[in-house]
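Examining the three-dimensional arrangement
This is what each chain is made of:
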Amino acid sequence: MNFELTDEQRAVRDLCRDFAREVVAPAAGELDRDHRFPYEIVRQMGEMGLFGLPFPEEWGGVGGDFLSYCVAIEEISRGDAGVGITLEAAVSLGAAPIHDFGTREQKERLLPDLLSGRKLWAFGLTEPGAGSDAGATRTRAVLDQGHWVINGSKQFITNSGTDISAGVTITAVTDRRADAARGEISAILVPQGAPGYTVLEPYRKLGWHSSDTHPLAFDDCRVPEENLLGRRGGGYQQFLKALTGGRIAIAALSVGLGQACLDAALSYSRERIAFGRPISAFQAVQFKLADMATEVELARLATYRAAVAYQGGQATGEVQRLAAMAKLFASETSKRAADQAVQIHGGYGFIEDYPVARYWRDAKVNEIGEGTSEVQRMLIARELGC
């Protein structure tokens, strides 16, 4: 068992760490205040090959492994979690299902732009009544003269409304029976501009202000029959695979955010003087920092373990368990780290001039997106045989 990164993985870590420190972090405060999408940063990440990192060169990827991708997510998110989720959603939810299940024609048409970061693709699973209960999908797609006619809605969809958004993969019920709400679920590619497809106004979010998130509406939306992704009725298994990889990537994002909280709290505690000494000299603060450092390191180890299992093709149930454990622990670690970072900053932690206020707002959604903490506990319990 080797706990060391390879030379290639360390090179990715160092490249992304430098980029996050020199480019992402300095822009994060302004992006957050202005609720502005980071087009220039996305362009640079594309030039660095980050969007194509875990994909083979055949399709325009870099040919790296999944762990390298997770390390990149961690370091970018250390600079800004909003930028981190933009990368994560574009790769794990946007490009990966097309790579894993698409036809050669679909891959040749879509992947070059997606893996270069020139375009972004979204993934539409969540609905007003189908989030944790993904099998309750109500969006329907019916074949009509060689076209899928789609009616329904999706919500909380990342990367769906930017100037470089190219489309979305949606899940829809494709049973012929009108009452088959929990029947056959398929995945369908819907390009931007398809008739009947509307990207609604962006959400006013608590955090992740630099990321793009919209609800989507489909009103007799028509796309060609060949836009089916994978086999008809295979949508449920496809999004389970996408979510397994996505959960590990969200765990990596959470590790990066937790590390940013620790970095900020440690730096501040060394500078803040109280009772004639830096507050880092007081045991009450030292214990907070020690707990933060321990949990972040454990979350990192759990995430890397899950990433190696995912790329190694182990049994599906085992990978799902490790992914759920990593996502659960890392996301809750980032929230605890953000709480402690604000506490160590005292009153200044409640002021938006300090980045820990942004970290605190950004951390909460890690416990919700791509499967809530409650869903992760359900998955773990199921794998335990409960």
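Just above, that's the structure.
Residues numbered from 1 in each chain as written. Predicted model: local features only at pLDDT ≥ 70, side-chain atom pairs only at ≥ 80, totals over all residues. Heavy atoms only, no water.

Of regular secondary structure, the protein possesses ten helices and ten strands. Over its C-alpha trace the protein gives a radius of gyration of 21 Å, about what one expects of a compact globule, namely 21 Å for 386 residues. Taking the principal axes of its C-alpha atoms as reference, the protein extends roughly 80 × 45 × 40 Å. Relative to its 386 residues, the protein shows a buried fraction of 53%. Here the contacts in the protein between residues at least 6 apart in sequence split such that 73% fall between residues at least 24 apart. Of the roughly 16900 Å² of accessible surface on the protein, 53% is carried by carbon and sulfur atoms. (Helix = DSSP H or I, 4+ residues; strand = E, 2+ residues; numbered from the N terminus. Rg over C-alpha atoms; globule rule 2.2 N^0.38 Å. Buried < 20%, exposed > 50% of the residue type's maximum accessible area, 1.4 Å probe, protein only. Contact = heavy atoms within 4.5 Å. Areas by Shrake-Rupley, 256 points an atom, 1.4 Å probe, with all protein chains shown as cover.)

Turning our attention to the state of the cysteines. Evaluated as defined, the whole model comprises zero disulfides. Of all cysteine sulfurs in the structure, the one in C70 sits closest to C261, which takes part in no disulfide; the separation is 19 Å. Judged by its relative accessible area of 0%, C261 is buried. (Disulfide = S-S within 2.5 Å.)

Among the nonpolar cores identified, the biggest contains 82 residues, and M45, F51, Y69, I76, L87, M292 and I344 are the most heavily contacted of them. Residue contacts for F51: discarding those within four places in its chain leaves V42, M45, G46, L87, A90, V91, L114, L115, G117 and L120. Ranked by size, the runner-up nonpolar core spans 17 residues in total, among them A141, I150, V190 and C221. (Core = buried A, V, L, I, M, F, W, Y, C linked by side-chain atoms within 4.5 Å.)

It is worth spelling out the packing of aromatic side chains at this point. Overall, the coordinates contain nine aromatic pairs when judged by the stated rule. Relative to Y39, the ring of F37 lies with its centre 4.8 Å away and its plane at 65°, an arrangement referred to as edge-to-face. In this structure F37 comes out as buried when scored by relative accessible area, which is 10%. Judged by relative accessible area, which is 34%, Y39 ranks as partly exposed. Ring geometry for Y268 versus Y354: centroids 6.3 Å apart, planes at 90°, classification edge-to-face. With Y268 in helix α6 (residues 235-271) and Y354 in the loop between α8 (316-345) and α9 (355-363), this pair connects stretches of sequence that are 86 residues apart. What links up through ring pairs into an aromatic cluster is the set F66, Y69 and Y310. In this structure, R277 packs its charged tip against the face of F282, placed 4.4 Å from the ring centre. (Phe/Tyr/Trp six-rings, centres within 6.5 Å; stacked < 30°, edge-to-face > 60°. Lys NZ or Arg CZ within 6 Å of the ring centre and 35° of its normal.)

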